[in-house]
Amino acid sequence: MEKTKYYIGIDLGGTFVKGGIVDENGNLIVSDKVPTEAKSGNDKVVSNIAGLCMLLLEKAKITKEQVQGIGMGVPGLIDSQNGIVKYSNNLHFEHFDIAGALQAKTGLPVKIANDANVAALGETKFGCGKEYDNTVLLTLGTGVGGGVVIGGKLFEGNGSAGAELGHNVIAAGGEPCGCGRKGCLEAYASATALIRDTKRAMEANRDSAMWEIGSIDNVTGKTAFDYMEKDKAAKSVVDNYIEKLGVGIVNHANTFRPQAVILGGGVCAEGDRLVKPLQEMLNEEIYAGARGPQVKLLTATLKNDAGIFGAVALIAGI
Ligand SMILES: [Zn+2]
């Protein structure tokens, strides 16, 4: 009988390295995490990743020989072809051959790609996008990240520097963005932007019911949604958020015409309050409307494991 094949998926973050072992049938067998310790230097980070791989093997009770390789999502500008991190500000890497270093330490083949792109691949191959091979993932977090899968393959652009989906200007001359431009989707649709706009609305409306939360410091990405039914200021924050996010979604849908746009990030917990108006906007505003192929709006299902599954898809070449 042939032995089962296994893959290790690593999601390298600024604070933690998360990892898991997935079998050839797509089952996550074990997962765990260890501190990244980015400040201790490149060698220490690679040692920590290799240590996590060994820990996972032990937990899964399988040998290294049964593992086909390691896939890894890394934040920053990644040359996925050559396995090199060109630049990663939160990991303090510059022109670092991380794939080569990890391969040398573990004796296993290693493939890397940008973490947001890897998450898009994971959600498409193993999550809510499983039925599709043309998808766009938008993650609404501190910023707006994402990835594009075309014909079942990750679209990365020249030098794997593409798919910066959050830095599409949706309001020329608008809110300043961390990238240096003004009016990017990220400057309106990130959780950070939602919190900023909620605080502004509270300050401009001293009688808003949102003040029940006590202090402006208690505002989260949920506040405006929580009060939208009974408070006009909250409702207008939500309406504006959805409108701006919708513009970004329709733009990406027009460019890539995916079968599905997948939303990730904490804001997705709002469910239908977020998805329903956005799906309506997408149906109405997409080029050629009902005459063209429809685009489904979905919310991500793998949550924190999307990076692990995507990394596995990367190394498994699926
Ligand atoms: Zn930007």
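## A closer look at the coordination of the zinc ion
Binding of the zinc ion to the protein goes through His167 (ND1), Cys177 (SG), Cys179 (SG) and Cys184 (SG), at separations of 2.0 to 2.3 Å. Here the zinc ion is ringed by four donor atoms whose angles at the metal span 102 to 122°, and the overall shape comes out tetrahedral. In the primary structure, the donors to the zinc ion are separated according to the pattern H-x9-C-x1-C-x4-C.

## Quick notes on the environment of Gly69
Note that Gly69 resides in strand S4 (residues 67–74). Take Gly69: its relative accessible area is 0%, and that puts it in the buried class. Residues Gly69 and Asn82, 13 residues apart in the sequence, show an inter-C-alpha distance of 16 Å. Apart from the residues lying within four places of it in its own chain, the contact partners of Gly69 are Tyr6, Tyr7, Ile8, Leu108, Pro109 and Ile315.

## Structural notes on the nonpolar core
In terms of nonpolar packing, the biggest core is built from 48 residues, with Tyr241, Ile249, Leu263 and Leu274 touching the most fellow members. Per-element tally for this core: the top contributor is helix H7 (residues 232–256), with ten residues. In contact with Leu274, other than residues within four places in its own chain, are Phe225, Tyr241, Ile242, Leu245, Leu263, Val267 and Cys268. Membership of the second largest hydrophobic core comes to 34 residues, among which are Ala38, Leu56, Phe93 and Leu108.

## Some words on the sheet that holds strand S7 (residues 93–96)
One open sheet holds the three strands; their spatial order is S5-S6-S7, and the pairing between them is antiparallel. The open sheet has two edge strands, strand S5 (77–79) and S7, and neither has a second partner. With direction set aside, neighbouring strand axes in the sheet form an average angle of 15°. Examined bridge by bridge, strand S6 (residues 84–88) and S7 share three bridges and lie antiparallel to one another. Paired with Tyr87 across the bridge in S7 is Glu94.

## Overview of the domain arrangement of the protein
Each assigned domain of the protein is listed here: domain 1 (6–124 + 305–316) and domain 2 (131–300). The gap between the C-alpha centroids of domain 1 and domain 2 is 28 Å. With 14 residues of domain 1 at the contact, the number on the domain 2 side is 15 residues. The contact between domain 1 and domain 2 buries some 1,100 Å² in all, and 57% of this surface belongs to carbon and sulfur atoms. Three residues stand out in domain 1 for area buried against domain 2, namely Asn117, Glu123 and Thr124, and they jointly supply 44% of the buried area on that side. Scanning the region where domain 1 abuts domain 2 turns up zero salt bridges. Where domain 1 packs against domain 2, one counts four residue pairs in polar contact (both at pLDDT 80 or more). When residues of the side of domain 1 that touches domain 2 are traced back to their parent elements, those giving at least two are S5 and helix H3 (115–126). Tallying contributions element by element places H3 first for the side of domain 1 that touches domain 2, with seven residues. For the side of domain 1 that touches domain 2, the residue count by class is seven nonpolar, four polar and three charged.

## So, the pattern of salt bridges
Scanning the entire structure with this criterion turns up twelve salt bridges. With a closest N to O distance of 3.8 Å, Glu37 and Lys44 form a salt bridge. Overall, Lys44 belongs to the partly exposed group, its relative accessible area being 35%. Ionic pairing is found between Lys235 and Asp239, a salt bridge with its closest N-O pair at 3.0 Å. Remark: Asp239 and Lys235 occur in helix H7; sequence separation between them is four residues, near one turn of the helix. Of the residues examined, Asp239 reaches a relative accessible area of 36% and is grouped as partly exposed. Connected via shared salt-bridge partners are Glu175, Arg196, Asp197 and Arg200.

## Considering H7
Since there are 3.6 residues in each turn of an α-helix, residues three or four apart along the chain are aligned in direction. For H7, which comprises 25 residues, the first-to-last C-alpha distance of 36 Å matches the rise-based estimate of 36 Å (1.5 Å per residue) to within 8%. With a side-chain oxygen lying 3.3 Å from the backbone nitrogen of Ala233, the N-terminal cap of H7 falls on Asp231. With its phi angle positive at about 40°, Arg257 sits one or two positions after the end of H7.

## Digging into the sheet that holds strand S8 (residues 110–114)
In spatial order, the strands read S3-S2-S1-S4-S8; together these five strands make up an open sheet with mixed pairing. Looking at the sheet topology across the chains shown, the edges are occupied by strand S3 (28–35) and S8. With strand direction ignored, the average angle separating the axes of adjacent strands in the sheet is 20°. Two strands pair when backbone bridges link them, and strand S2 (residues 16–23) and S3 are joined in this way by seven bridges, in the antiparallel orientation. Across the sheet, Lys18 pairs through a bridge with Lys33, a residue of S3. Running at roughly 150° to S8, helix H2 (residues 98–106) makes contact with strand S1 (6–12), S4 and S8 of the sheet. Of the strands in this sheet, S1, S2, S3, S4 and S8 touch helix H9 (residues 306–316), which is tilted by about 130° from S1.

Analysis parameters
All residue numbers refer to positions counted from 1 along the written sequence of the respective chain. A pLDDT threshold of at least 70 governs which residues receive local features in this predicted model, and a stricter bar of 80 or more applies before side-chain atom pairs are shown or counted, although totals over entire chains, interfaces and linings include all residues. Only heavy atoms go into the side-chain values, all of them from the structure, while hydrogens and water stay out. Keep in mind that water is not among the atoms, so a site may look incomplete; donors are the N, O and S atoms within 2.8 Å of the metal, or 3.2 Å for Na, K and Ca. Tetrahedral means four donors with every angle between 85 and 135 degrees, whereas square planar (four donors) and octahedral (six donors) require angles over 155 degrees between opposite donors and between 65 and 115 for all others; sites fitting neither are termed irregular. Helix and strand labels come from DSSP, where a helix needs a run of H or I of at least four residues and a strand needs a run of E of at least two; each type is numbered from the N terminus. In this scheme, a residue with accessible area under 20% of its type's maximum is buried, one over 50% is exposed, and one in between is partly exposed, where area comes from a 1.4 Å probe on protein chains only. Contacts are assigned to residue pairs that have any heavy atoms within 4.5 Å of one another. As used here, the term nonpolar core means buried Ala, Val, Leu, Ile, Met, Phe, Trp, Tyr and Cys residues forming a set that is joined through side-chain atoms within 4.5 Å. DSSP bridges decide pairing: two strands pair if at least two such bridges lie between them. A fitted line through C-alpha atoms represents every axis, and for helices the fit uses only the stretch in contact; the resulting angles, taken between N-to-C directions, go from 0 to 180 degrees. Reported domain spans reflect what an automatic or database domain assignment gives. Summed over both partners, buried area is the accessible surface (1.4 Å probe) that two parts give up on being assembled. Salt bridges are defined by distance alone: a side-chain nitrogen of Lys or Arg within 4 Å of a carboxyl oxygen of Asp or Glu. Two N or O atoms form a polar contact when they lie within 3.5 Å of each other; inside protein one atom must be a possible hydrogen donor and the other a possible acceptor, and for residues adjacent in sequence the pair counts only when both atoms belong to side chains. In this classification, Asp, Glu, Lys and Arg are treated as charged, Ala, Val, Leu, Ile, Met, Phe, Trp, Tyr, Cys and Pro as nonpolar, and every other residue, Gly included, as polar. A helix's residues, less one, multiplied by 1.5 Å, set its expected span.

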